[in-house]
Amino acid sequence: QVQLVESGGGLVQAGGSLRLSCAASGNTDSINAMGWYRQAPGKQRELVASISSGDITNYAAPVKGRFTISREKVKETVYLQMNSLKPEDTAVYFCHARVLYSDATLQTYWGQGTQVTVSS
């Protein structure tokens, strides 16, 4: 089992910055990759950014160059630094972990979600 606890969401004006944090606990050694997804009202959930166990990162086109995903392995925490925020970034952001267990089973875990609201 892996538990994910998120923090850092809030209200910010366009052009501002926020940093989201996701602290993982439990069987963290089995985490294969972590990432951030978001879901805006009336929209499907979409991948924002991901980072693999080898620290390979991937970004959705709308956030590339503005957002940075990183990991502090000692703290077992993944971050999403969001700069130059736009109203279009308004959504609930969810932390995601992909876990590969020793028996080759794959399990996904989600945080509770944190609201990010960007005003114009």
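The rules behind each value
Residues numbered from 1 in each chain as written. Predicted model: local features only at pLDDT ≥ 70, side-chain atom pairs only at ≥ 80, totals over all residues. Heavy atoms only, no water. Helix = DSSP H or I, 4+ residues; strand = E, 2+ residues; numbered from the N terminus. Rg over C-alpha atoms; globule rule 2.2 N^0.38 Å. Buried < 20%, exposed > 50% of the residue type's maximum accessible area, 1.4 Å probe, protein only. Contact = heavy atoms within 4.5 Å. Areas by Shrake-Rupley, 256 points an atom, 1.4 Å probe, with all protein chains shown as cover. Salt bridge = Lys/Arg side-chain N within 4 Å of Asp/Glu carboxyl O. Phe/Tyr/Trp six-rings, centres within 6.5 Å; stacked < 30°, edge-to-face > 60°. Lys NZ or Arg CZ within 6 Å of the ring centre and 35° of its normal.

Enquirer: Before we move on, can you summarise the overall build of the protein with the specific residues and values?
Expert: Within the protein, the secondary structure is distributed over zero helices and 11 strands. Computed over C-alpha atoms, the radius of gyration of the protein comes to 14 Å, within 12% of the 14 Å expected from 2.2 N^0.38 for 120 residues, which places it in the range of a compact globule. Dimensions of the protein, computed from the C-alpha atoms along their principal axes, are close to 50 × 30 × 25 Å. Relative to its full complement of 120 residues, the protein shows a buried share of 40%. Taking the contacts inside the protein whose residues are at least 6 apart along the sequence as the reference set, 53% of them involve residues at least 24 apart. By element, 49% of the accessible surface of the protein is carried by carbon and sulfur atoms, the whole surface being about 6500 Å².

Enquirer: Quick one: what's the story with the pattern of salt bridges, residue by residue and with numbers?
Expert: Tallying each qualifying case throughout the model produces five salt bridges. We note a salt bridge from Arg 38 to Glu 46, for which the minimum N-O separation is 2.8 Å. Looking at Arg 38, the relative accessible area reads 6%, which means it is buried. One salt bridge connects Lys 73 with Asp 55, and the closest N-O pair in it is separated by 3.6 Å. One end of the pair, Lys 73, is in the loop between strand 7 (67–72) and strand 8 (77–82); the other, Asp 55, is in the loop between strand 5 (46–52) and strand 6 (57–59), with 18 residues separating them in the sequence.

Enquirer: Residue-level account of unusual backbone geometry, with values.
Expert: Phi is positive for Glu 76, which is not a glycine, with a value near 55 degrees. Judged by relative accessible area, which is 35%, Glu 76 ranks as partly exposed.

Enquirer: Can you tell me about the packing of aromatic side chains, naming the residues and giving the values?
Expert: The full count for this structure, using the stated rule, is one aromatic pair. On the numbers, 5.1 Å between centres and 65 degrees between planes, the contact of Tyr 37 with Trp 110 is edge-to-face. A residue pair is termed long-range when its members are at least 10 positions apart, and Tyr 37 in strand 4 (residues 31–39) and Trp 110 in strand 10 (residues 106–110) qualify at 73 residues. The ring of Tyr 37 has Arg 45 lying over it, and the distance from NZ or CZ to the ring centre is 5.4 Å.

In short, the description is geometric, and any link to function would need to be established separately.
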